[in-house]
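The chain contents come next:
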Amino acid sequence: MAEVIGVRFKDAGKMYYFDPSSLKVEKGKMVVVETARGLECGTVCIANTDVPENQIIKPLRKTIRIATDEDIKRAAENRRKEKEAFDVCVKKIAEHKLDMKLVDVEYSFDGSKILFYFTADGRIDFRNLVKDLASVFKTRIELRQIGVRDEAKLLGGMGICGQPFCCMRFLNEFQPVSIKMAKEQGLSLNPVKISGVCGRLMCCLKYEQDVYEELIGLTPKVGSVVKTPDGEGIVEENNILGGTVKVRLSKNPDALPVQYGISDVKVLQGCTKRQKNGKSDARLEQQDDIDMVIDSELIEQE
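Here's what I pulled together on the structure shown here. Note that the coordinates shown come from a computational prediction; the quantities given were computed from them, not determined experimentally.

1. Description of the sheet that holds strand β2 (residues 16–18)
The strand order across the open sheet formed by five strands is β2-β1-β4-β3-β5, and the pairing between neighbours is antiparallel. Here the strands that pair on one side only, and so sit at the sheet edges, are β2 and β5 (63–66). Ignoring which end each strand starts from, the neighbouring axes of this sheet average 45° apart. Across six bridges, the pairing between strand β3 (residues 30–35) and strand β4 (residues 38–51) is antiparallel. If you follow Val32 over to β4, its bridge partner there is Cys41.

Below, the structure is given as structure tokens:
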């Protein structure tokens, strides 16, 4: 076991473990930590706790200090400068006539680098824009292309359920979602009804999928021959969540189907478990990995 604290750098961003360095930090406090990008200021979402070694990505980086008033003031100043940098970048994009959409701007804690997050269709040559921005801000510039789900997470908004986006509130990482999940849950396959504001399949389709898979494995399929307390018959309808099936009895085929609990029937022909091949269909799954990163330092080396 290793003692760690959990830190986030955005409200619903990914949580990272850090070595508390003998500090006792309460949840909600701000700390300055060492990251791959240098020093960063984040909010503690998990106070000092012990976790198994296999849950830690090594080397575990250290907590430098609990944020001072000066650190908090610097972080607030960076948020102010990000808004100014956003406006400047939007104007530069228009001047270069680039087909891209600026989503967010992020200053590193020490101000040594500015990250610009954008969306665009396909790949575009942004090198001149990076050079222009570097000449304005006199610091290292990085342009990072993101997907539409990442854009929704950064911007936020309200879902069709009337609640703020899950990705903005609590989802640390996006999980693959497929149209197969909607089929198994008996939902309408109308894209408008099962897609989020981002235009991708709703993340909440994933929440109940494990339960549906378990129940599907226990429920006789439509068309299966089953034995009931009243004799043999064929399943004409099943209710996965209700745990019931409607069976048309062979001895009285003209009568209405009779409803039974799944524990009251035994499958004679057919199956209850879905065929699983252990592979996912890449065409159905949604993946929103970062597509392209352009760094002003790399351009200067060309």
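2. Some thoughts on the pairing of strand β1 (residues 2–8)
Buried residues dominate β1, accounting for six of its seven residues. As judged from the three bridges shared by β1 and β2, these two strands associate in the antiparallel manner. Paired with Gly6 across the strands is Tyr17, a residue of β2.

3. Considerations on the sheet that holds strand β11 (residues 244–249)
Across the sheet, five strands lie side by side as β12-β11-β10-β9-β13; this open sheet has antiparallel pairing. Every other strand in the sheet has two partners, leaving β12 (258–261) and β13 (266–269) as the edge strands with one partner each. Here the average twist between neighbouring strands, direction ignored, is 50°. Relative to β12, β11 is paired through four bridges, and the arrangement is antiparallel. If you follow Val247 over to β12, its bridge partner there is Val258.

4. Some thoughts on the packing of helix α1 (residues 69–96) against helix α2 (residues 127–137)
Remark: α1 packs on α2, axes separated minimally by 10 Å, with the N-to-C direction vectors making an angle of 140°. Between α1 and α2, the crossing angle belongs to the class labelled oblique. The handedness of the crossing between α1 and α2 comes out as right-handed. Listed contacts from α2 to Ala85, Val88, Cys89, Lys92, Ile93, Glu95 and His96 of α1 are Asn128, Leu129, Asp132, Leu133, Val136 and Phe137.

5. Quick word on the pattern of salt bridges
Enumeration over the complete set of coordinates arrives at 19 salt bridges. With a closest N to O distance of 3.6 Å, Asp104 and Lys10 form a salt bridge. Residue Asp104 is located in strand β6 (residues 101–107), and its partner Lys10 is located in the loop between β1 and β2; the two are separated by 94 residues in the primary sequence. Residue Lys10 is classed as partly exposed on the basis of its relative accessible area of 34%.

6. Let's talk about the state of the cysteines
One pass over the full model with this rule turns up zero disulfides. This cysteine, Cys161, is not joined by any disulfide, and Cys166 carries the nearest cysteine sulfur, 6.2 Å off. By relative accessible area, which is 58% here, Cys161 ends up exposed.

7. Some remarks on the nonpolar core
Counting residues in hydrophobic clusters, the biggest one holds 20 residues, and the most contacted among them are Met100, Phe116, Leu133, Phe137, Ile141 and Leu143. Residue assignment for this core shows that the elements contributing at least two residues are α1, β6, β7 (113–119), α2 and β8 (140–145). Considering each element in turn, this core owes the most residues, five residues, to α2.

8. Quick look at the pairing of β4
Sheet topology places β1 next to β4; six bridges connect them, and they run antiparallel. Paired with Val7 across the strands is Val44, a residue of β4. Hairpin geometry of β3 and β4 is characterised by an intervening segment of two residues between the two adjacent antiparallel strands.

9. Brief notes about the side chain of Ser108
On the secondary structure map, Ser108 appears in the loop between β6 and β7. When its relative accessible area of 1% is taken as the criterion, Ser108 is described as buried. At 3.1 Å, the side chain of Ser108 and the backbone nitrogen of Ser112 are in polar contact. Setting aside its immediate chain neighbours within four residues, Ser108 contacts Glu40, Asn78 and Lys113.

10. A few points about the environment of Tyr117
With respect to the helices and strands, Tyr117 occurs in strand β7. Take Tyr117: its relative accessible area is 9%, and that puts it in the buried class. In this structure the C-alpha to C-alpha distance between Tyr117 and Gly147, which are 30 residues apart in sequence, comes to 9.9 Å. A distance of 3.1 Å separates a polar atom in the side chain of Tyr117 from a polar atom in the side chain of Glu106.

Each value, and the rule that gives it
Numbering of residues starts from 1 in each chain and follows the order in which that chain's sequence is written. With pLDDT at 70 or above as the cut-off, local features in this predicted model cover only qualifying residues; side-chain atom pairs require 80 or more to be listed or tallied, and sums for whole chains, interfaces and linings still use all residues. In computing side-chain properties, one takes all heavy atoms of the structure into account and sets aside hydrogens as well as water. Criterion used throughout: strands pair if DSSP finds at least two bridges between them. Put simply, DSSP marks the helices as runs of H or I at least four residues long and the strands as runs of E at least two long, and each gets a number from the N terminus on. Note on definitions: angles span 0 to 180 degrees between N-to-C directions of axes, and those axes are lines fitted to C-alpha atoms, for helices only across the stretch in contact. Each residue gets one of three labels from its accessible area relative to the maximum for its type: buried under 20%, exposed over 50%, partly exposed in between, using a 1.4 Å probe on protein chains only. Reported orientations rely on four angle classes, namely roughly parallel under 35 degrees, roughly antiparallel over 145, roughly perpendicular from 65 to 115, and oblique for the rest. Handedness of a crossing follows from how the near helix is turned relative to the far one, being left-handed for an anticlockwise turn of less than a right angle and right-handed for a clockwise one. By the convention used here, residues are in contact when the closest approach between their heavy atoms is within 4.5 Å. In the sections that follow, a salt bridge refers to a side-chain nitrogen of Lys or Arg positioned within 4 Å of a carboxyl oxygen of Asp or Glu. To count as a disulfide, a pair of cysteine sulfur atoms needs to be within 2.5 Å. Take the buried Ala, Val, Leu, Ile, Met, Phe, Trp, Tyr and Cys residues and link them wherever side-chain atoms come within 4.5 Å; each set so joined is a nonpolar core. Contacts described as polar in this section are N or O atom pairs within 3.5 Å, which, within protein, must combine one atom able to donate a hydrogen with one able to accept it, while residues neighboring in sequence count only if both atoms come from side chains.

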